[in-house]
Structure formats: C-alpha cells, structure tokens
Amino acid sequence: MEQQRKAIASKIGLFLEEDIPSPQSIFIQDSQSIDFTIEFLRDTLPSQTPFISTSEAYNARLVVERILTAYNVDGASTNPVERLIDGLSNFQGDFTKRYIVITEAHRLKNYDNLLIPLLRLPEIIQLPFTLIMTSKQPFTTLRPTNGLSPDPILVNIPPVSSKDIYDYLIQNCPSDVGENLHSTYQALCNFIMSSTTALNTQPKELLKITRRAWPKFIEPWTERDARPTMRDNELLTLTFARASRGIIQSINSNLPDNMDLLQASLPTDLTRCAQLLLIASYLASYNPPKQDVQMLSISLDKQKLVHRRKDAKSRPAQQLLGPKNFSFDRWLHIYGALLHFINDTSLTAYSLTNLKNDHRVFTDNELGQVDVLQNISHLTRIKMVQRTCPYERLDGMTFKCAIGYHVASNLANSFGVKLHEFLWDIS
Amino acid sequence: MTDNKKRQREESPGKTKTKKSKVAIEMYEPAILTHKQCLLATFYGWDSQALDEESENAATVNDLSNVIQGSVLHGEGNSALVVGGRGTGKSLAIQSALSLSSEERFIPIHLHGSVQTTDKMALREMARQIRNRGGTVSSLDALDKEDHLIDISQSTLTALLTLLSASALPIVVILNEFDLFATHARQALLYCLLDCAQGGQRRGGLAVIGTTCRYDAIDMLEKRVKSRFSQRVLHVSSPRTWTEWSTLARNALSCEVIEGVPHMSAFEHKWEIHINALFKDPQFDLVLKMLFDMSADVQTLYRVLAIPIANMTTETPFPSAKDFLLASMSQRPIDAHQLIDTLPLPALALVIAAKQISSRDIDQFTFELVNKEYDDWARKTIMAPTSRSIDITSTGARVNISVWPKHVLMGAFDTLVDLNIFVPVASANAIASGEMREYCKHRCSIENGEIRQAVEKRKDIPTALYKWGHSWN
C-alpha cells in the first residue's frame, strides 16, 4: 500500500502543513482505503485532535461531548449546538490550528442540524478550527439543501491499484511463514488476487481472507522445513482451488454460507397447530385476499390453476416484494380452511383432529379457541409472525408473515400438502 | 513542508537544473512561504479579502456603513436587508461596512438562521455574544433554564429588552439567513427586534441588518413586522461581466509585497510575469470561464485556486494551468462512475439488475427482486454452477462471472447500501422494528446513462456482464 499511502499523503498533506493555513472544512471521500486515510490523519494531526466515529457517537449530543472532552472545555447549555459554540468559544489554546475529525460523516445528516453549525464553526466562534470529514459516500449525500453552509474542500482519494494490494498482502505475511515457504505464500496471494478481487476490493479484508486461507492452503505440504518448487506451488494452488469452492465466497460475505439451508430448516420446536398457523400466515401474506375463496375451496378441482395470473411481466410477484399485512380474522379462516386439506396421519394433536372431523364445532368461535390463540401469541412473541399494529389494539389486529418460502413449503410437505397448490402467484 | 516532499526533493535534486539555479530558488523560500500564507488565508476565508473600490457592491457597502454609523454614532434605530445570491459577497459587504466603523465602540452580534433555529436559541446566542463583549447579562439567567418558556411574543420582547439593556454600547444585530428567522413562530424575534429599532426603545442605538438570498424575503414578513421594517433593501451581486470576473481572479492571485521578507520584491516580479502568462493560457482561461458560466461564485473560485497554491513548493513555485484545471475537476461533485469503478463484480451486477427492473417502470425494489432478476439472467447466460467459476489455467486462476449464491449477493447489496448507491425508501427504523432485510424497499441513486458509461469505462468486467449492462433502452 506504499503507493496508496503516497497518494493519500499528496492529496491531503498539502492542507495540513504546519506553517500555512488550513481550510475551514475538508471532505475526504474514499471508498476503498478509508482505513489508511484515517491512519494518515492520525499520524499527521496533533495528538489532541478528536477522532469521532459516527457509528460510536450516534447522536448530536455525543459528538459534541467528544469534541468538548478532547479540548477540555465545557459548555453551559444542554442543547448540543449551543453547547458546542459556548464550549469552544471559551477555548484558550496555545497552538494556532485545531482540528476536528469526523469519520463516517455521511451519518451527520441524521444528527438534527449539527452539520451546519459544524461547517460554520470558524465563522461563528472566530477561532481557527478545521473540520475534517471522511466518508465512503460522496459529499452530495449530506450536503445541506439550499446552500445553507459553505462547501468544504473536496478531496477524492483514487482507487487502490491491484499491484499495490498484492504488495500489501506480501508484506503482511503471517509470522509462521518461514523463509522457505515465501514463494508458496506468494502463490496464495496470486490466487487470492485473481479469484477474489472481483468479489471484494477492500485491501484490509483481502488481507484477512489471505490470512485465513493460509493454513488451509499449506495443509497438504507436510514437510514444513523443505522448500517447495514452482511445480509444488502450482499443485498446492490447484488443490486449494478445488477444495476452496465456496470458502472464498463464504469468507467474503458477512452471512453464513448455508443461509439458504438455515432458512429452509424446520421450526420443529413448534406445536403442530403453530406450524399449521405458520403456513396459513404465509398464504395470507402472499395471496391476494380476493383469491382466498378460489384457492382454498374444497369443492373446486385443482384444475382451477388455469385461472392463475399469467401477466407476470406487469408486476413483480409478491414473493419478491415481501409479505403483506393480513387481518387476524383472515388468518383464522385460512387456517380453518387448511385443516380440510391436511393428511389425517400427519395430525397427532387431539384438538386438530377434532376440529377437522367434527363439523359442528368447526365455526369461527371454535377456531378462536384458547389453545389456537395461545399458539398465535407464541408465534408473535418469537417473531415468526410479526404483529404490524400497536400492541394496545385488540380490534382489527394485523400481522405479517416472517418466514421464507422454503420453510413454508417444507412445513406444508410435513403435513402432506403442496404449498404451491395454494399459492395464487407461482412465478 | 512535509517530510515526504523534502524527501522527494532530496531524491531528485533538480534533474536538469544547475547548482546555481537551485541556489537561486532556495533564496526565495521565505518569500514563497509568505506569499502562500497570504493567499491561502484569503482563499480559505480566514482573512476577509479586500473589496474592489469600483464594483457595484462598493455602493452597497457605503449605504450599509451609513446605516451602521447612524446607529453607532447617533444612537438611531435602523434596519436594512441585504439581498443577493449565494456566494455573491453579502457577508463580505457587511464585514467591510463593520470594519469602516471599527474605531467606534459597539457590539456586533452575528446570528445564523441555519444554526439558531429557534427564537430561544437566538436569544441565548445574543446573550453569549453580549457577555463576551463585557456586557452584564446576569439578569438573563432565567433564559438558560429549560423550563422557562419564551413562547409568547410579549416575553420575547421582555427578554430582548433585558438583553439589549445589558450594555450601554450601541448594538448591531446581523441576521444571516433572514428568511429562516421569518419562519419562526409568529416571527416574534423579528417583530421585537424591528420594533425596538423602529420605536427607538433603546438609548444606545440599534441596527438590525438581515442578509438573505431570497428576493421575496420581505413578503414573508407578517404585516405588523413588515410595517416596522425600514424597507431599506440593498443588493449585492457577483461579477456580471467576464472582465469583472477575470479581474477578480487576477486580483485574488496577485502577490503582495511584505516588508521584512528577503527577496520578496524580486519574487513578486517573477510571480507577476508568471500570472500574466497564466491568464493568456487557454487552459486557465477555460477553468475561469467554466466557473464563470456555471456558478460565478467567488467562494468556488477560491476553492479551486487554493489547491494549486497549497501545492506550491520551492521546487515548483509557479503552478501551471493544468494544475488549476485538475483542481477545478476535483472540486466538482464526484461522478457516479468513480463510485462504480471500485465496486466488486456482484455489486455491479446488482446495480445493473436494479436498472433492468427500473426499465419495466418499477422504481422501487427489494433485495429479493434484484436477486431474482440477477439469478434469471445469470442462469440464462452462464448456465454454469458456482463451483466451476474458478477455472485454472496455466497463468493462474481466473474468476468468470458466475451464479453467485444468495449470501454473496446479500453482502454486495449491503456494500451498495453502505455507499448510498441503493437508498432505502422506508424509514431507518423499519429494520429495527423487525422488517425482513430481504424485503426492505430501496431505490437506485444512479441514473441509467451513468451506469452505462461506468460499465463502458470499466476494464476488468466480464463480457457477459458488459452486454447485460448495455441491453436496455
């Protein structure tokens, strides 16, 4: 990263030289090497300078508090903006230039009106404070509307060259890589560079990936003291490439690579009634209410599928747009209707069999019997079904299904029904 | 001078220069530094720049100064409004007018409509500034209590009178963003200030000067407020003709001879020659013309001029026209393709997918929707499972475009949200309240044409993806 460090120094350094004035505010946009930029700022700026990360200081009050603490002053007011102005205007420093660095500055736009006072700070308190903001996003995303504040000097850090990243990986090789294995480590770096830069362009993350891949890479090489030849290195790369398959991709993502599987796993700790309620909630969320009768009537033959919507082009399927809210009553009715389709053998709970077979008790009232309601409240408590209305509302409650297609479909299979037969939209 | 630059100089001690010329340049070092300090202090706004005597704004300054003098010397109550676009020099005009009366003793109070968003904040800020100027505002302590609500105009008036009586000196209140003060409830502060100024309720003299860039600011005032305003509206404007503009730039870059700096006048002579040459350079001319045509904003001009000046070293004491051109490029908002250039391929694929969706008149999408769009395309185009995507050739491994699994795309989606390329449509707490991530609605902040350009410019992009990026209208 030597080149990049040089680029950063030449882009920012000229504003921070000691014996010349600094701008009132600087905005540094850097999408790839933001860590190195902040490192440079830390090395260059006076040690007293506050570095405030907006992910840590999550509101205006905290940001102001950090600034005041760093400069060891206190403001009288409780309002953050007034406190900032009052505190800093009392500041008696012995050096001429002072800095405030705010990282991830794009969040400042959510900090009720703090940005404008910060940008206008030197004008208001008549002291040479320089505000430095860094962000991955361009300044246009947080620029106050209507030109209410002066624009900062914009600095745009260029992207890192892949040669630079490669050198960076080589330089930071793990300590257990001996002299003899150096060329092997280079082979791994080559492999990572060619296979992973398409998926991830952050140098620090690539280093992390390389470090994590190293033990796996060197595993087949048992004689740790011997020096592998070029041919050996190629073989190791080949072996790793075959073995890695998903490894690289899984390291890249912040989600488990078996997410799809996890999503499809069955919530087996639920009661049968709750599971059936989940299927009902899925149908209620993804089917248009008007088609309920058609989709769930027993009398109609499954040939009715002809009537399903075909105009998939005009509007995306509900499965892609997400679940819709449904009312409590609709949920219960779909649940009741579903009872007719499920296999007898799959039912173990007494109440369910009872409900299904005894037509006398199969009424609205009976559907809302206590244990069904209890299951519903359990499902909402564990958020498998979300309640989308205020908790104090008892009339006209609305819910939303929070399980995916795979879970619902597997659940339906366990009841001996096919989920897609009940779905209106099967694109 | 940073270590870095020193090192650079040591490494390449003037490739073609003789020893003599090197000595000659080093001789000027103090002069260059002083010159740089002077220019940058003005460009960065630490020192106020001198006002051109012949410009239209000089008349405004004159009027303003009369208004202030009236209050400061004769104890009058005055009010005025300075109207002009952004960056035309409203604040500069006021500053110049204030500095004309700098021998007299008075208290200037600066308020910003964008910072003091309520009357209460404005009053407290006034109290602070009066206190800093030695006024006694102990009677104002009631204001600092949060439970003391000043919400009816009567009590604002009381508070204001207490404030203004805290010092016997004349007071000049400058209301930046005057139009924003007019949006406060019942315009209480404006009413009271203008009432005080007009009614002469204050013995020491009071001037209220507003600045605004809204030409209809007066119409925003309520009738009772408007009638108390003196209707004195002054205008400032940025240079309207090209000659004025280039004179302004010429003056901004001129070198001031400062006594006591060795070789300053000799350097000044060289600098003037260089600047004259610069103004004849078509590239520099282009920079000035672009700025004149697009913004005619003095502050923007200064921002652009500041960068090559800050880059001045003893090695390169005379910035070239190309430096100015690059500086003007860097101060423009970043192009979308620069953002897209460093995106990982899955993220780029999602951006293209989002645009494909938008071409069907669906402008908001969920993760599932772009995922499906990408998946459909990838399966159709590639027909290869993920595992085969890494194909080993003799030159090493190479990643082709592949059907990336959902979790990789989810990571890419997060990257895009992080870069503000995909902007969430729902409120931020939608996710906090349990909205499923896959179904949060987003829109794409980059235009179709920009994506097409970015795809064209990017070199490492697989052909299939390139074609897909081009296949919509």
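Everything quoted here is computed from the prediction, not taken from an experiment. (Residues numbered from 1 in each chain as written. Chains lettered and ligands numbered in written order. Predicted model: local features only at pLDDT ≥ 70, side-chain atom pairs only at ≥ 80, totals over all residues. Heavy atoms only, no water.)

(A) Region of the structure containing the overall build of chain A. Tallying secondary structure elements over chain A gives 20 helices and 8 strands in all. The buried share among the 427 residues of chain A stands at 55%. In chain A, the proportion of contacts linking residues at least 24 apart, taken out of those at least 6 apart, comes to 72%. Surface exposure of chain A reaches about 19600 Å², of which carbon and sulfur atoms provide 52%. (Helix = DSSP H or I, 4+ residues; strand = E, 2+ residues; numbered from the N terminus. Buried < 20%, exposed > 50% of the residue type's maximum accessible area, 1.4 Å probe, protein only. Contact = heavy atoms within 4.5 Å. Areas by Shrake-Rupley, 256 points an atom, 1.4 Å probe, with all protein chains shown as cover.)

(B) Representation of the interface of chain A and chain B. Between chain A and chain B, the contact holds 81 residues from the first and 73 residues from the second. Each partner contributes to the roughly 6500 Å² buried at the junction of chain A and chain B, and carbon and sulfur atoms together form 58% of this total. Linking chain A with chain B are 5 salt bridges. Glu-17 of chain A is the salt-bridge partner of Lys-36 of chain B, the closest N and O atoms lying 3.6 Å from each other. Applying the counting rule to chain A against chain B returns 12 residue pairs in polar contact (both at pLDDT 80 or more). Examining the composition of the side of chain A that touches chain B, we find that 5 residues originate from one element, helix 4 (residues 80–89) of chain A, more than from any other. (Buried area = accessible area lost by both parts, 1.4 Å probe. Salt bridge = Lys/Arg side-chain N within 4 Å of Asp/Glu carboxyl O. Polar contact = N/O pair within 3.5 Å; in protein donor to acceptor, adjacent residues only side chain to side chain.)

(C) A look at the UniProt feature "domain: ORC5 lid" (unreviewed entry) in chain A. Residues given the UniProt feature "domain: ORC5 lid" (unreviewed entry) here are residues 185–234 of chain A. Strand forms 0% of residues 185–234 of chain A and helix 66%; the C-alpha atoms that close the span are 12 Å apart. (UniProt positions renumbered as here; feature names shortened; annotations may be inferred.)

(D) Focus on helix 3 (residues 60–70) of chain A. Inspection of helix 3 of chain A places Ala-60, Leu-62, Val-63, Val-64, Ile-67 and Leu-68 of chain A among the buried residues, and these make up the whole buried set. Taken from the residues just after helix 3 of chain A, Asn-72 of chain A is the one with a positive phi, measuring 55 degrees.

(E) View of the packing of aromatic side chains. A complete count under the given rule lists 29 aromatic pairs over all chains for this structure. Put simply, the rings of Tyr-185, Phe-191, Trp-214, Phe-217 and Phe-240 of chain A pair up and form one aromatic cluster. Positioned above the aromatic ring of Phe-129 of chain A, the side-chain terminus of Arg-98 of chain A is 5.4 Å from the ring centre. If you follow Lys-289 of chain B out to its NZ or CZ, it ends over the ring of Trp-242 of chain B, 5.1 Å from the centre. (Phe/Tyr/Trp six-rings, centres within 6.5 Å; stacked < 30°, edge-to-face > 60°. Lys NZ or Arg CZ within 6 Å of the ring centre and 35° of its normal.)

(F) Representation of the pairing of strand 3 (residues 171–176) of chain B. All names here are of chain B. For strand 3, the buried fraction is high: 6 of the 6 residues fall into the buried class. A two-sided burial pattern is seen for strand 3, the buried positions comprising Ile-171, Val-173 and Leu-175 on one face and Val-172, Ile-174 and Asn-176 on the other. Pairing of strand 2 (residues 107–112) with strand 3, which is carried by 6 bridges, proceeds in the parallel orientation. Across the sheet, the residue bridging to His-112 is Asn-176, located in strand 3. Pairing analysis gives 5 bridges linking strand 3 to strand 4 (residues 206–212), with the strands arranged parallel. Of the residues in strand 4, the one forming a bridge with Leu-175 is Gly-210. (Pairing = 2+ DSSP bridges.)

(G) Highlighting empty space enclosed by the protein. Summed over the entire model, instances satisfying the criterion amount to 2 cavities of 30 Å³ or more. Each pocket or cavity is described by its volume, and for the largest cavity that value is around 90 Å³. Residue lining of the largest cavity: Gln-29, Asp-30, Ser-31, Gln-32, Asn-156, Ile-157, Pro-158 and Pro-159 of chain A together with Ile-334, Gln-338, Leu-339 and Thr-342 of chain B, and that is the complete set. By residue class, the composition of the lining of the largest cavity is 5 nonpolar, 6 polar and 1 charged. By volume, the second largest cavity amounts to about 40 Å³. Lining of the second largest cavity is provided by Gln-24, Ile-100, Leu-118, Leu-121, Pro-122, Phe-129, Thr-130 and Leu-131 of chain A. For the lining of the second largest cavity, the elements supplying multiple residues, two or more each, are helix 6 (121–125) and strand 4 (129–135) of chain A. Top element by residues in the lining of the second largest cavity is strand 4 of chain A. It accounts for 3 residues. (1 Å grid on protein atoms, 1.4 Å probe; cavity = no way out; pocket = protein on both sides within 12 Å on 5 of 7 lines; lining within 4 Å. Points joined across faces, edges and corners; volume = space filled by probe spheres on them. Nonpolar A, V, L, I, M, F, W, Y, C, P; charged D, E, K, R; others polar.)

(H) Here's a closer look at the environment of Gly-178 of chain A. If you trace the backbone, Gly-178 of chain A turns up in the loop between helix 7 (162–171) and helix 8 (182–196). Taking relative accessible area as the criterion, Gly-178 of chain A reaches 25% and is therefore assigned partly exposed.

(I) Fine view of the confidence of the model for chain B. Residues and elements named next belong to chain B. Confidence in the prediction of chain B, expressed as mean pLDDT, is 80, and 81% of residues score 70 or more. Every residue in residues 144–153 is under pLDDT 50, and counting partners more than four places away or in other chains gives 18 contacts. Confidence drops under pLDDT 50 across residues 384–399; counting only partners more than four residues distant or on other chains, this segment forms 28 contacts. (pLDDT = per-residue confidence, 0-100.)

(J) Focus on unusual backbone geometry. Residues and elements named next belong to chain B. The backbone of Arg-186 shows a phi angle near 55 degrees, a positive value even though the residue is not glycine. Mapped onto the elements, Arg-186 comes out in the loop between helix 9 (178–181) and helix 10 (188–199). Arg-186 sits in the partly exposed class, given a relative accessible area of 45%. Positive phi, normally seen in glycine, also occurs at Gln-231, with a value near 65 degrees. Checked against the element boundaries, Gln-231 lands in the loop between helix 11 (223–226) and strand 5 (233–235).

(K) Molecular detail of the domain arrangement of chain B. Under the domain assignment, chain B is made up of domain 1 (56–135 + 153–235), domain 2 (242–331) and domain 3 (338–384 + 398–469). Centre-to-centre, using C-alpha coordinates, domain 2 of chain B lies 43 Å away from domain 3 of chain B. (Domains from an automatic or database assignment.)

(L) Structural context of the pattern of salt bridges. All names here are of chain B. Scanning the entire structure with this criterion turns up 27 salt bridges over all chains. Two residues, Glu-125 and Arg-128, come together in a salt bridge whose shortest N-O distance is 2.9 Å. On the criterion of helical spacing, the pair formed by Glu-125 and Arg-128 is a turn pair, its members being 3 residues apart in helix 6 (residues 119–132). The residue Glu-373 makes a salt bridge to Arg-360 at a minimum N-O spacing of 3.2 Å.

(M) How the structure looks around the nonpolar core. Counting 87 residues, the largest nonpolar core has Ile-12, Phe-15, Leu-16, Leu-41 and Ile-132 of chain A together with Phe-43 of chain B as its most contacted members. By residue number, the principal contributor to this core is helix 15 (residues 298–310) of chain B, which donates 9 residues. Once you skip the residues sitting within four places of it in the chain, Ile-132 of chain A turns out to touch Leu-16, Ile-26, Ile-28, Leu-41, Leu-45, Tyr-99, Ile-100, Val-101 and Ile-102 of chain A. Counting residues in each nonpolar core, the second largest holds 48 residues, with Met-397, Ala-402, Val-417 and Trp-424 of chain A among its members. (Core = buried A, V, L, I, M, F, W, Y, C linked by side-chain atoms within 4.5 Å.)

(N) Molecular detail of the environment of Lys-270 of chain B. With respect to the helices and strands, the residue Lys-270 of chain B is situated in helix 13 (residues 264–280). The residues contacting Lys-270 of chain B, other than those within four sequence positions of it, are Tyr-28 and Phe-318 of chain B.

(O) Here's a closer look at the sheet that holds strand 6 (residues 326–327) of chain A. All names here are of chain A. Taken together, 3 strands build an open sheet; the order of strands is 6-8-7 and the sheet is antiparallel. Because the sheet does not close on itself, it has two edges, and the strands there are strand 6 and strand 7 (385–387). In this structure, strand 7 lies alongside strand 8 (residues 398–401), joined through 3 bridges in antiparallel fashion. By the bridge assignment for strand 8, Val-385 is matched with Cys-401. In the packing of helix 13 (residues 272–286) onto the sheet, the strands contacted are strand 6, strand 7 and strand 8, and the crossing angle to strand 8 comes to about 100 degrees. (Axes fitted to C-alpha atoms, helices over the stretch in contact; angles between N-to-C directions.)

(P) Broad picture of the packing of helix 19 (residues 367–381) of chain B against helix 20 (residues 406–418) of chain B. Residue and element names in this part refer to chain B. Running from amino to carboxyl end, helix 19 crosses helix 20 at an angle of 125 degrees, the nearest separation of the two axes being 11 Å. Judged by the angle between their axes, helix 19 and helix 20 are oblique. Here helix 19 and helix 20 pass one another in a crossing that is right-handed. Where helix 19 approaches helix 20, its residues Phe-367, Glu-368, Val-370, Asn-371 and Tyr-374 are matched on the opposing element by Lys-406, Leu-409, Met-410 and Phe-413. Residues of the contact of helix 19 with helix 20, tallied by class, amount to 6 nonpolar, 1 polar and 2 charged. (Parallel < 35°, antiparallel > 145°, perpendicular 65-115°, else oblique. Left-handed = near helix turned anticlockwise from the far one by under 90°.)

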